[in-house]
Amino acid sequence: MGEPEKTGDCVKVAIRMRPLSKKELGNNESSIVDLEEMTSSDGNGSVAISDPSGKEKPATFAFDIVFGTDVLQSTVYDCIGKPALNSMFAGYNGTIFAYGQTGSGKSWSMMGGEGELRGII
């Protein structure tokens, strides 16, 4: 018997930025996060967090996949959900795990908003 074809299955780290909340918008707050979106697992996206006071240089972080606030759920599903399901149907383990501090967008990433912004579950 031949070996199964390698498909590049491994742990991938994705981030989906939530939009500002009604409370944040009501307080005239603005985002301090700049995204370099990458909606395929072929490259790397980045997230830069700026110091609102301007005293510090922005902190930049690399991720396998970066989704912005208005990404369509179909894109999230195609990039994250579908590969995980396909692996599970082929007999492998698959997990989609949301992690972060309170208010960071875990529920937004998993449940989303209305219409095309609905979450992965």
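Everything numeric here is computed off the predicted structure, so don't read it as measured data.

K.L.:
How should I be thinking about the overall build of the protein chain in this particular structure?
P.N.:
Of the regular secondary structure elements, the protein chain holds three helices and five strands. Counted from the first residue to the last, the protein chain has its helices and strands arranged as β-α-β-β-β-β-α-α. In terms of overall dimensions, the protein chain has C-alpha extents of about 60 × 35 × 20 Å along its principal axes. Of all 121 residues assigned to the protein chain, the portion counted as buried reaches 20%. A sequence separation of at least 24 residues applies to 48% of the contacts in the protein chain between residues at least 6 apart. About 9,000 Å² of surface is accessible on the protein chain, with carbon and sulfur atoms providing 54% of the total. Each charge class in the protein chain can be summarised by its mean position, and for the 11 positive and 16 negative side chains these summaries are 6 Å apart.

K.L.:
How do you make sense of unusual backbone geometry when you look at a structure like this?
P.N.:
Where the residue is not glycine, phi is negative for most of them; where a peptide bond is considered, it is trans in most cases. Located in the positive-phi region is Asn28, a residue other than glycine, with phi close to 55°. Mapped onto the elements, Asn28 comes out in the loop between helix H1 (22–26) and strand S2 (33–36).

K.L.:
Before we go on, may I ask you to explain the pattern of salt bridges in this structure?
P.N.:
When their charged atoms lie close together, side chains carrying opposite charge are able to pair. For the structure shown, the criterion picks out one salt bridge. Between Arg18 and Glu24 there is a salt bridge whose closest N-O contact spans 3.0 Å.

K.L.:
Would you mind going over the environment of Glu36 with me for this structure?
P.N.:
Tracing the backbone shows Glu36 in strand S2. The exposure class assigned to Glu36 is partly exposed, which follows from its relative accessible area of 47%. When near neighbours in sequence (up to four residues on either side) are disregarded, Glu36 contacts Asn44, Gly45, Ser46 and Val66.

K.L.:
Which parts of the structure should I look at to understand the confidence of the model for the protein chain?
P.N.:
Residues shown with low pLDDT carry predicted positions that ought not to be read at fine detail. Chain-level pLDDT for the protein chain is 82 on average; 90% of the residues reach the 70-or-more range. Throughout residues 1–6 the model reports pLDDT below 50, and contacts reaching past four residues in sequence, or to other chains, amount to one contact.

K.L.:
In this structure, what is going on with the sheet that holds strand S3 (residues 45–49)? I would like to understand it.
P.N.:
The strands that make up a sheet are held in pairs by hydrogen bonds between backbone atoms, and each pair lies either parallel or antiparallel. The three strands lie next to each other as S2-S3-S4, forming an open sheet whose pairing is antiparallel. A single partner strand is all that each edge strand has here, and the edge strands are S2 and strand S4 (59–63). On average, each strand axis in the sheet is tilted by 20° relative to the strand beside it, whichever way the strands run.

Calculation notes
Residues numbered from 1 in each chain as written. Predicted model: local features only at pLDDT ≥ 70, side-chain atom pairs only at ≥ 80, totals over all residues. Heavy atoms only, no water. Helix = DSSP H or I, 4+ residues; strand = E, 2+ residues; numbered from the N terminus. Buried < 20%, exposed > 50% of the residue type's maximum accessible area, 1.4 Å probe, protein only. Contact = heavy atoms within 4.5 Å. Areas by Shrake-Rupley, 256 points an atom, 1.4 Å probe, with all protein chains shown as cover. Lys, Arg positive; Asp, Glu negative; His and termini not counted. Charge placed at Lys NZ, Arg CZ, Asp CG, Glu CD. Salt bridge = Lys/Arg side-chain N within 4 Å of Asp/Glu carboxyl O. pLDDT = per-residue confidence, 0-100. Pairing = 2+ DSSP bridges. Axes fitted to C-alpha atoms, helices over the stretch in contact; angles between N-to-C directions.

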